[in-house]
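# What the coordinates show
Residues per chain, in single letters:
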Number of protein chains: 2
Amino acid sequence: MSSINIAKAKRLRSTPYTSRIEKQGVTAYSIYNHMLLPAGFKDSLEDSYYHLKEHVQIWDVAAERQVEISGDDSAKLVQLMTCRDLSKSKDGRCYYCPIIDDQGGLINDPVVLRLNQNKWWLSIADSDVILFAKGLAIGKNFNVKIVEPNVDIMAVQGPKSFSLMEKVFGKAITDLKFFGFDYFDFKGAKHLIARSGWSKQGGYEIYVQNTESGLKLYDYLFELGTEFNVKPGCPHLIERIESALLSYGNDFDLNDNPLECGFDKYVNLDSNVNFLGKEKLKEIKAKGISKKLMGVKINHDQINVSKAIEIRINSKRVGELRSGVYSPTFKQVIGIAMIDKPFFTVDTKVEITLNNETKTGVLCNIPFV
Amino acid sequence: MSSINIAKAKRLRSTPYTSRIEKQGVTAYSIYNHMLLPAGFKDSLEDSYYHLKEHVQIWDVAAERQVEISGDDSAKLVQLMTCRDLSKSKDGRCYYCPIIDDQGGLINDPVVLRLNQNKWWLSIADSDVILFAKGLAIGKNFNVKIVEPNVDIMAVQGPKSFSLMEKVFGKAITDLKFFGFDYFDFKGAKHLIARSGWSKQGGYEIYVQNTESGLKLYDYLFELGTEFNVKPGCPHLIERIESALLSYGNDFDLNDNPLECGFDKYVNLDSNVNFLGKEKLKEIKAKGISKKLMGVKINHDQINVSKAIEIRINSKRVGELRSGVYSPTFKQVIGIAMIDKPFFTVDTKVEITLNNETKTGVLCNIPFV
């Protein structure tokens, strides 16, 4: 792992929780949406992995910024940006929505919250969706207002998150369905809370707008959480790869389209709604995709992926590894790879060079099983 | 200073020079346009400051990404995005161009390179201008192609950069005028080189497209540079604040307009060209700005600005410090601050609290003299 420091600056924004997580022993940061995203604590990667799968963690994920789109044309603009049909969407629900350009290239993969028909939040991955939305809205002369609201998400993740949150917010919070959201009271302040989060271990995301109350809530969760063995944490490399939670900029970007990334169920080409890249994606679908995101299992016990690594068959390049980690569950390296046609079939044997040694691997579906 | 590591990932892109600068002892990274930007080497901040002002440094500034806009409507799109009149722009010239939205809010402040009338590069600061350009172009139905080309800038900065570059490229390179660019040969490969860079110490930026040749050139510059005391370096906090080279995301952002940032000479409201926010800026100009970017000198010997710090007069908030550093030349802290009307006048005395102690300061014009 790199042991090079991050150089702080106002441009790499702190979050309301930064001073707390630094006291709690954060050891590494990533940058995400021009903001600090904790990337490790004192516990080892494996220890925090087992902890997340057994107990409960509080995550500072304020870097998941919101793009708020409101106004008469807001529904039209949001729909134009995503290949997912939102015509039957409901208030109080979250929707995972690939955002694409007119060529079908992926711009982001936010969770879209429909606050109401004329007010939407796009809870974004790491790219400036606000600029794309502004450009489109200006170009189309849409009647919308587009801002980044003051929202700093803290996530409560892990199997014991349900018990912890019930202790704070009461029984009602456990009635929240997956990808539902509602407002819940904490000592007189309302917080928007969704049953969601960037792990498959269950939990909630608290969209904190009232910073003062949010900080009290942060401290209170740690106070009440002692009996559930609560710890600070962050999106977890092993857990997210095992669960195939794809990461924009790592696993896919503007040069990939949603059909190549296995987002087929969020690509509603037969719908009546109007979105960018629809005709282009129809063409691609008719012709067949030329590359595909696959899982890969590699016979090795360690890896650090800081850039794409070539994947080969008989010394010929057939794709690239984009994320990877040693999985203590699978007892080998697992990763996410973009594989060229016609090689993207399950059980295909591949080669990869790590630290000047050639290792063997096999392609598989994701999530890993 | 923070001693928290950066967590590397493919999403925080390496540059072609990364392995070299890590061998050369980089100690800190910033992230800029989703890419690693070196932020410090083994030498102290002051040592590298004096070195930059006396000798020559090679900088990995590949993070200054290019947005390439080409096609029949490219000139129209570039002009639409900037308040600077580009109607008389010439091929082979660089133009510093604030990019604003329809409300006059600043989106970026790139150096725009006119390759020809139908092909432009925007050498951007830290925001996804490509997404704004794409949104606008799609919305306006412009006939353009917008891509991020494979260009990784290395900068040669400092007073001895002229002698070093002359040794490599011959006399012709010294004929290049400030903000001019042309193609120069290095061992059979052509490189676009501009007389520019993010310091006021003179120098060049080499827009490397041929990576293999660029890496050879990198090594060759260090080889030939021995006699000029060449060192690796990076944009320098002290030098850039003294020189008032403003930093997007630090000193200004979407919530500021170019008139508030002292960019008046790049705001051509009386021109005939059509750009976003023109009417809005006319209104603002007529009414007068409500805040202004100023220099501030503070009676103290150290500072780290990782978020905006309140500036007060008689305990009342009148603005915020956005960048700051101890200057060995001025023997005090100097900084860039956004100050509210009517307090933004030179020689105004202000207060600022640093590490729980109130310090006094005085407002001044920038650049510092």
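Above this text you will find the structure in question.
Attention in this report is confined to the structure presented alongside it. Residues take numbers from 1 onward in each chain, read along the sequence in its written order. By the order in which they are written, chains take letters starting at A while ligands take numbers starting at 1. With the structure being a predicted model, the display of local features is reserved for residues of pLDDT at least 70 and the display and counting of side-chain atom pairs for 80 or more, all residues being used for whole-chain, interface and lining totals.

### Some details on the sheet that holds strand 18 (residues 309-313) of chain A
Residue and element names in this part refer to chain A. Here a strand pair is declared whenever DSSP counts at least two bridges between the two strands. Under the DSSP-based scheme used, a helix requires at least four consecutive residues in state H or I and a strand at least two consecutive residues in state E, with every element numbered from the N terminus. One closed barrel accounts for six strands, arranged 17-20-19-18-21-22; its pairing is antiparallel. Going from strand to strand, the sheet's axes swing by 40° on average, the running direction of each strand aside. Here five bridges tie strand 18 to strand 19 (residues 316-327), and the two strands are oriented antiparallel to one another. Bridge pairing in strand 19 links R312 to R317. In this analysis, axes come from line fits to C-alpha atoms, helices being fitted only over the stretch in contact, and the angle between any two N-to-C directions falls in the range 0 to 180 degrees.

### Looking at the nonpolar core
By size, the foremost hydrophobic cluster in this structure holds 220 residues, and its most contacted members are A:L37, A:A133, A:M154, B:L37, B:A133 and B:M154. Here contacts are defined at the residue level, using C-beta atoms placed from the backbone and a cut-off of 7 Å between them. Those residues in contact with A:A133 that lie beyond four places of it in its chain are A:V67, A:I69, A:L77, A:M81, A:I146 and B:G135. By convention in this section, buried Ala, Val, Leu, Ile, Met, Phe, Trp, Tyr and Cys residues joined through C-beta atoms within 7 Å make up a nonpolar core. Buried residues are those with 20 or more other C-beta atoms within 10 Å of their own C-beta, exposed residues have 12 or fewer, and partly exposed residues lie in between; C-beta atoms are placed from the backbone.

### Section: the relation of the copies chain A and chain B
Two copies of one chain are present, and they are related through a rotation about an axis combined with an axial shift. Note on the copies: chain A fits chain B at an RMSD of 0.0 Å, the axial shift is 0.0 Å, and the rotation between them is 180°. On this basis, the relationship between the two copies can be described by a two-fold rotation axis. A symmetric contact is evident, with 100% of the interface residues of chain A recurring at the interface of chain B. A least-squares fit on C-alpha atoms brings the copies together, and the residues used are those whose pLDDT is at least 70 in both copies.

### Re the interface of chain A and chain B
Between chain A and chain B, the contact holds 46 residues from the first and 46 residues from the second. Counting only elements with at least two residues in the side of chain A that touches chain B, the list comes to strand 1 (5-6), strand 2 (28-32), strand 3 (35-40), helix 4 (129-140) and strand 19 of chain A. For the side of chain A that touches chain B, the element with the most residues is helix 4 of chain A, which contributes nine residues. Amino acid classes used here: Ala, Val, Leu, Ile, Met, Phe, Trp, Tyr, Cys and Pro are nonpolar; Asp, Glu, Lys and Arg are charged; the rest, including Gly, are polar. Of the residues that constitute the side of chain A that touches chain B, the class distribution is 19 nonpolar, 16 polar and eleven charged. As paired strands, strand 2 of chain A and strand 1 (residues 5-6) of chain B are joined by two bridges and run parallel to one another.

### A short note on the packing of helix 3 (residues 74-81) of chain A against helix 4 of chain A
All names here are of chain A. Contact geometry of helix 3 with helix 4 gives a least axis separation of 11 Å together with a crossing angle of 120°. The orientation of helix 3 relative to helix 4 falls into the category oblique. By crossing handedness, the relation of helix 3 to helix 4 is classed as right-handed. On helix 4, the residues that touch L77, L80 and M81 of helix 3 are A133, L136 and A137. When its residues are assigned to classes, the contact of helix 3 with helix 4 shows six nonpolar, no polar and no charged. For classification, angles of less than 35 degrees are called roughly parallel, those exceeding 145 degrees roughly antiparallel, those between 65 and 115 degrees roughly perpendicular, and all remaining angles oblique. Take the far helix as the reference: if the near one is turned anticlockwise from it by less than a right angle, the crossing is left-handed, and if turned clockwise, right-handed.

### So, the sheet that holds strand 17 (residues 291-298) of chain B
All names here are of chain B. If you trace the six strands once around the closed barrel, you get 17-20-19-18-21-22, paired in antiparallel fashion. Between one strand and the next, the sheet's axes are offset by a mean angle of 40°, whatever the strand orientation. Sheet analysis places strand 21 (residues 349-354) next to strand 22 (residues 357-364), joined by six bridges and oriented antiparallel. The partner of I352 across the bridge, within strand 22, is K359.

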